Amino acid sequence: MTFPSVRISELGRHAGAVVTVRGWVTHLRSSGKVAFVVLRDGSGTLQGVVVKNAVPAEAWEAFGRLTLESSLAVTGEVRADARAPGGYELGIQALEIVGLAPLDYPIQPKEHGVDFLLDHRHFWLRSPRQAAILRIRHEVEQSVHDFFYERGFVRCDTPILTGAQGESGGLFETEYFEEGKAYLAQTGQLYGEALAAALGRIYTFGPTFRAEKSKTRRHLTEFWMIEPEMAWYDQDDNMNLQEEFVRFLVERVRERRAAELQVLERDVSKLDCVREPFVRLDYSDAIALLQSKGSDIKWGEDLGAPDEAVVVGEYERPVFVVNYPKEAKAFYMKENPADPRTVRCADLLAPEGRGEIIGGSQREDDYDKLLGRIRHEGLPEETYSWYLDLRKYGTFVHSGFGLGLERTVAWIAGVEHIREVIPFPRMMGRLRP
Ligand code: 4AD
Ligand code: MG
C-alpha cells in the first residue's frame, strides 16, 4: 500500500492521516523500546517515533542500522504535538533506508575549522545555519526582481565573455578563437548603458568576475551583482533610488525571513537605521574626518576597508560618500561641474563596519571628455568604439549603480565573511568543491 508523499512543511494539512516523508537523518536516539529519528527534507525538520512493539521487526531492525545523513523514507501517522519542532510528530509504521551513509560523515556536532568546512562545503550546506543563509539570499534575490518589476525596469542579461575591461582590477582571460583574448565580465554596466538607451530603465543581475588577489572577508573572485541603469537620471536621482532599494531589501528580509534571521541570532534592531535618511558625505569631508582621527590618508586616494569602517562608524547608518577624485575612480564617471577634479559618484557604505556595498555614478555623456578619459587611462580605444557611439548618436544624461549581492546579504544576515553567503564560493586559493 502506498501513502501520499508529503513535504515536512505541509504536514499540517495531513494531521491524523498516514503519509510518507523522505529526507535525511539529523539525529538518532533510542531507549531500547522507543526510538526517535529526526529528519530534514529541506522544508523543515520532523521527529519520527518508532515503538518497538508496534512496528514490524524489519522496521525496528532498519532503525538500528541508521546513521547520520542517511537518506530514508518513513511512513506513519501525522500527530499534532506542541513540543515537537514544527508542531507535528510522525508515528512511524514503516521505515525504508534509501541510502545508508557510512559512519564517518565528515561534519560532526563539534567545532570544525573553516578550511575544513569549506573543503566539505557540499555537506556544510546541509547545516541549519547554512540553509538559513541561503534562504535569506534567495529572499534578497527575489526582492530585487520584485522591486524593479514594480517600477517598470526591464531585466536584461549581459554577456559574461567580453572583449573589453569594465573596471580596474584583475581580469580573468581566455582564448577566444580568431578574436584573441576574451575576458570574464567584471561588470555588465557598459552594456547596460546601451540597453538604457533602448529601454529607458533596465537592470542586470548576473555573476561578475575579478581576479583580485585579495584575501579579505569581503572579496570573492566570482560574485553576483545587480546593476540598474537609468536614462535621464542624474546622480541625485540615482542615490535616491539606491536608498529606496536598500531599504526595500532590508524590510523584505525582516518581514519574510524572521525565522532564518533568528537561526543566525541576528540582532535585527541594528537594521532599524535604514529607516532614517542615509548620510551623504562629501569625499573631502570624509578625508578630513579620517585625518582628524589620525589617519595619514591623503586627498586623492581611494578609501580602504578600514577607512570605510571608520567613516560609517561615525554615523551607524548607511553613508553615501560622494564625489570622489577622478583618479580614484573608473573612466566612465561624469566629471563634476562644481569641481572638475572630482566625479559625480557615490559609494554606499553599510553600517556595522561593513563598508562599500554599492558603487554608482552618473556617466560621462560628453563624447570628447569620455574619449579623453579613455586615452588618459591608456585603454584600447577600438574596443570602446561602440561605447563611445552611445555619446555620438543621441547622448543622454544617465546614471546607474552596482550592488554586490554577497556583501549585502552578509550585512543583512549578520554574517562576518561573504564566503558563507554563496553556495560554492570562489576566491583566491579555492576552486573546489
Ligand atoms: O564598485 P564596483 O567595482 O562598481 C562596478 O562594477 C560598477 N560597474 C557598478 C555600476 O555602476 N554599474 O562594484 C560594485 C559592487 C561593490 O560595491 C561591491 O558591493 C561589489 O560590487 N564587489 C564585490 N563583491 C564581492 N567580491 C568582490 N571582489 C567585489 N568587487 C566588487
Ligand atoms: Mg567600488
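Bear in mind that the values here come from a model prediction, so they are computed numbers and not experimental data. (Residues numbered from 1 in each chain as written. Chains lettered and ligands numbered in written order. Predicted model: local features only at pLDDT ≥ 70, side-chain atom pairs only at ≥ 80, totals over all residues. Heavy atoms only, no water.)

A. Layout of the site of ligand 1. Around ligand 1, 23 residues are found, and the nearest of them are Glu167, Gln189, Glu212, Glu227 and Glu356. Contact distances for ligand 1 include 2.7 Å between a nitrogen atom and a side-chain N or O atom of Glu227. Tyr332 has a polar side-chain atom sitting 3.5 Å from a nitrogen atom of ligand 1. For ligand 1, whose free accessible area comes to 630 Å², the fraction covered by protein is 94%. The set of elements that each furnish at least two residues to the shell around ligand 1 consists of strand 11 (222-231), strand 15 (355-362) and strand 16 (398-404). Taken together, the residues of the shell around ligand 1 sort by class into 8 nonpolar, 7 polar and 8 charged. (Near = heavy atom within 4 Å. Polar contact = N/O pair within 3.5 Å; in protein donor to acceptor, adjacent residues only side chain to side chain. Areas by Shrake-Rupley, 256 points an atom, 1.4 Å probe, with all protein chains shown as cover. Helix = DSSP H or I, 4+ residues; strand = E, 2+ residues; numbered from the N terminus. Nonpolar A, V, L, I, M, F, W, Y, C, P; charged D, E, K, R; others polar.)

B. Structural context of the sheet that holds strand 6 (residues 154-155). Taken in spatial order, the 8 strands line up as 6-10-11-16-15-14-13-12 in an open sheet, and their pairing is mixed. The open sheet terminates on both sides in strands that have one partner only, identified here as strand 6 and strand 12 (279-282). Looking at chain direction, strand 14 (residues 345-350) and strand 15 are connected through 6 bridges and run antiparallel. Looking at strand 15, one finds that Ala350 is bridged to Gly355. Where helix 5 (residues 189-199) meets the sheet, it contacts strand 6, strand 10 (201-209), strand 11 and strand 16, and its direction lies at approximately 30 degrees from that of strand 11. (Pairing = 2+ DSSP bridges. Contact = heavy atoms within 4.5 Å. Axes fitted to C-alpha atoms, helices over the stretch in contact; angles between N-to-C directions.)

C. Here's a closer look at the pattern of salt bridges. What the rule picks out here adds up to 44 salt bridges. Of the charged contacts, one joins Glu139 and Arg252 as a salt bridge, the two residues approaching to 2.9 Å between their closest N and O atoms. With a gap of 113 residues between them, Glu139 in helix 4 (residues 128-150) and Arg252 in helix 6 (residues 235-256) connect regions that are remote in the sequence. On the basis of relative accessibility, which here comes to 7%, the residue Arg252 falls in the buried class. A salt bridge links Arg217 to Glu416, with the nearest nitrogen and oxygen atoms 3.1 Å apart. Here Glu416 lies in the segment after helix 12 (405-413) and Arg217 lies in the loop between strand 10 and strand 11, a separation of 199 residues in the sequence. The class for Glu416 is exposed, based on a relative accessible area of 52%. A cluster of three or more residues bridged by salt bridges with shared partners is formed by Glu139, Asp146, Arg252, Arg257 and Glu260. (Salt bridge = Lys/Arg side-chain N within 4 Å of Asp/Glu carboxyl O. Buried < 20%, exposed > 50% of the residue type's maximum accessible area, 1.4 Å probe, protein only.)

D. Main features of the side chain of Asn323. With respect to the helices and strands, Asn323 occurs in the loop between strand 13 (319-322) and strand 14. Once residues lying within four places of it in the same chain are set aside, the contact partners of Asn323 are Asp282, Tyr283, Asn336, Thr342, Val343, Arg344 and Cys345.

E. Quick peek at the nonpolar core. Counting 54 residues, the largest nonpolar core has Val144, Phe148, Ile226, Phe245 and Trp411 as its most contacted members. Among the nonpolar cores identified, the runner-up in size contains 30 residues, and Leu290, Val321, Met333 and Leu349 belong to it. (Core = buried A, V, L, I, M, F, W, Y, C linked by side-chain atoms within 4.5 Å.)

F. Focus on helix 9 (residues 305-313). All of the buried residues in helix 9 are Asp307, Glu308, Val311 and Val312. In a view along the axis of helix 9, the buried residues occupy a sector of 125 degrees, so they form one face of it. (Arc of directions from axis to C-beta.)

G. Just helix 5, in detail. Within helix 5, burial applies to Gln189, Leu190, Gly192, Glu193 and Ala196. Around the axis of helix 5, the buried residues are gathered within 155 degrees of arc, so they sit on the same side. Buried residues along helix 5 sit in contact with strand 10, strand 11, helix 11 (385-392) and strand 16. Phi turns positive, to about 90 degrees, at Gly200, one or two residues after helix 5.

H. Quick peek at unusual backbone geometry. For the bond from Arg432 to Pro433, the omega torsion is -10 degrees, close enough to zero to count as cis. Assignment of secondary structure puts Pro433 in the segment after helix 12. Its identity as a non-glycine residue notwithstanding, Glu316 has a phi of 55 degrees, on the positive side. Looking at the element boundaries, Glu316 is found in the loop between helix 9 and strand 13. Glu316 sits in the partly exposed class, given a relative accessible area of 45%.

I. Structural context of the side chain of Arg218. Within the fold, Arg218 resides in the loop between strand 10 and strand 11. Among the residues examined, Arg218 registers a relative accessible area of 14% and is labelled buried. A distance of 3.5 Å separates a polar side-chain atom of Arg218 from the backbone oxygen of Arg354. In this structure Arg218 touches Ala305, Glu308, Arg354, Gly355, Glu356, Arg407 and Ile418, once residues within four positions along its chain are discounted.

J. The arrangement of the pairing of strand 2 (residues 34-40) in detail. Counting buried positions along strand 2 yields 5 of 7 residues, so the element is predominantly enclosed. Count of turn residues in the strand 1 (residues 18-30)/strand 2 antiparallel hairpin: 3 residues, of which Gly32 carries a positive phi of about 100 degrees. Bridging between strand 2 and strand 3 (residues 45-51) involves 7 bridges; their strand directions are antiparallel. By the bridge assignment for strand 3, Phe36 is matched with Val49. With antiparallel pairing between neighbouring strands as the criterion, strand 2 and strand 3 make up a hairpin whose turn holds 4 residues, including Gly42 at a positive phi of roughly 95 degrees.

K. Representation of the pairing of strand 10 within the structure. The buried fraction of strand 10 is high, at 8 of 9 residues. The sheet contact formed by strand 10 and strand 11 spans 9 bridges and is antiparallel. The residue of strand 11 that forms the bridge with Ile202 is Glu229.

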